[in-house]
Structures are given as structure tokens and as C-alpha cells.
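# Structural overview for review
One-letter residues, chain by chain:
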Amino acid sequence: MSFGVLPNTVVNMASSSRAQVISLYRMLLRESAKFPSYNYRTYALRRVKDGFRENIAVDNPKALDVLLNQARESLAVIKRQVAIGQYYATQKTVVEGQRNRNV
């Protein structure tokens, strides 16, 4: 390798960054699912999934670090927006339906 590290170290770095990516992906999905508004929730979930799909082939460590930092910033924004959104009550939409409906 041209980085001057042992092959085992490269494998450990790759598996470590893979674990970070998966962990961050799951955190983003979990946090996005907390939006009280159906429209915001579905939009955030779709954007998270699309963003990770677009960058699935990135293997450059520097580019990966940049993308991970952007995802961490997005997670912070989503957490703030979820907290703000919980202050305001919203009505359930027709798409969401009623959970305890006896038909």
C-alpha cells in the first residue's frame, strides 16, 4: 500500500469506517423516524437513504471523512428539528391513519 501502513491496519481501518458508516446511517434513520409530521418524516427518511445510496461506492478515505462529517452535521440538524417539531402538535394525515381504529 502506498500509505505506508501494514495491510492488517488497512483492513481494520476499512472495517472501522464501515462500522462508523453503518452506525451513522442507523442513527440518521432512527432520528428521522421521530419527526411528528408525516411529510417531514418521509422526506428525511428518503433523503437519508438516497444520500447513502449515492455514495455507496466511495472508497477514498478523505472523501469518506468529508461525507461522514456532513452526515454528522445532518444528524445534528435533524435532532434539532425533531425537538422543535415536538413543541407543535400536528394532526395525523389520512395516509398515517388511526392506529386504534375499530372497524
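A brief structural summary. (Residues numbered from 1 in each chain as written. Predicted model: local features only at pLDDT ≥ 70, side-chain atom pairs only at ≥ 80, totals over all residues. Heavy atoms only, no water.)

Turning next to the overall build of the protein. Counting secondary structure elements, the protein contains 3 helices and 0 strands. Counting across all 103 residues of the protein, residues that qualify as buried make up 17%. Long-range pairs, those at least 24 residues apart, make up 68% of the contacts in the protein with a sequence separation of at least 6. A total of about 8,500 Å² of accessible surface is found on the protein, and carbon and sulfur atoms cover 54% of it. (Helix = DSSP H or I, 4+ residues; strand = E, 2+ residues; numbered from the N terminus. Buried < 20%, exposed > 50% of the residue type's maximum accessible area, 1.4 Å probe, protein only. Contact = heavy atoms within 4.5 Å. Areas by Shrake-Rupley, 256 points an atom, 1.4 Å probe, with all protein chains shown as cover.)

All right, on to the side chain of Ser32 then. Its location among the elements puts Ser32 in helix 1 (residues 7–32). A residue is classified by how much of its surface remains accessible, and Ser32, at 0% relative accessible area, is buried. A polar side-chain atom of Ser32 sits 2.8 Å from the main-chain carbonyl oxygen of Leu28. (Polar contact = N/O pair within 3.5 Å; in protein donor to acceptor, adjacent residues only side chain to side chain.)

There is about 840 Å³ of room inside the largest pocket. Lining the largest pocket are 29 residues, with Leu28, Val48, Gly51, Phe52 and Ala71 positioned closest to its centre. Counting only elements with at least two residues in the lining of the largest pocket, the list comes to helix 1, helix 2 (38–54) and helix 3 (61–85). Ranked by the residues each element gives to the lining of the largest pocket, the list is headed by helix 3, at 9 residues. Residue composition of the lining of the largest pocket, grouped by class: 18 nonpolar, 6 polar and 5 charged. (1 Å grid on protein atoms, 1.4 Å probe; cavity = no way out; pocket = protein on both sides within 12 Å on 5 of 7 lines; lining within 4 Å. Points joined across faces, edges and corners; volume = space filled by probe spheres on them. Nonpolar A, V, L, I, M, F, W, Y, C, P; charged D, E, K, R; others polar.)

An ideal rise of 1.5 Å per residue puts 36 Å on 25 residues; helix 3 measures up with 35 Å between its terminal C-alpha atoms. Within the sequence span of helix 3, burial applies to Leu64, Leu68, Ala71, Leu75, Ile78, Val82 and Gly85. The backbone nitrogen of Lys62 lies 3.2 Å from a side-chain oxygen of the residue at the head of helix 3, namely Asn60. (Expected span 1.5 Å × (residues − 1).)

This paragraph deals with the nonpolar core. Residues Leu24, Leu28, Phe35, Ala44, Val48, Leu64, Leu68, Ala71, Leu75, Ile78 and Val82 constitute the largest nonpolar core, which totals 11 residues. When residues of this core are traced back to their parent elements, those giving at least two are helix 1, helix 2 and helix 3. Counting residues per element, this core draws most heavily on helix 3, at 6 residues. Setting aside anything within four residues of it in sequence, one finds Leu75 in contact with Leu24, Met27, Leu28 and Glu31. (Core = buried A, V, L, I, M, F, W, Y, C linked by side-chain atoms within 4.5 Å.)

Taken as a whole, this structure holds 2 aromatic pairs when the rule is applied. For the ring pair Tyr25 and Phe52, a centre distance of 4.8 Å and an interplane angle of 65° mean the geometry is edge-to-face. Note that Tyr25 is positioned in helix 1 and Phe52 in helix 2, a separation of 27 residues in sequence. Between Phe35 and Tyr40 the ring centres are 6.2 Å apart and the planes differ by 40°, which places this aromatic pair in the tilted class. Look at Phe35 and you get buried, because its relative accessible area is 10%. (Phe/Tyr/Trp six-rings, centres within 6.5 Å; stacked < 30°, edge-to-face > 60°.)

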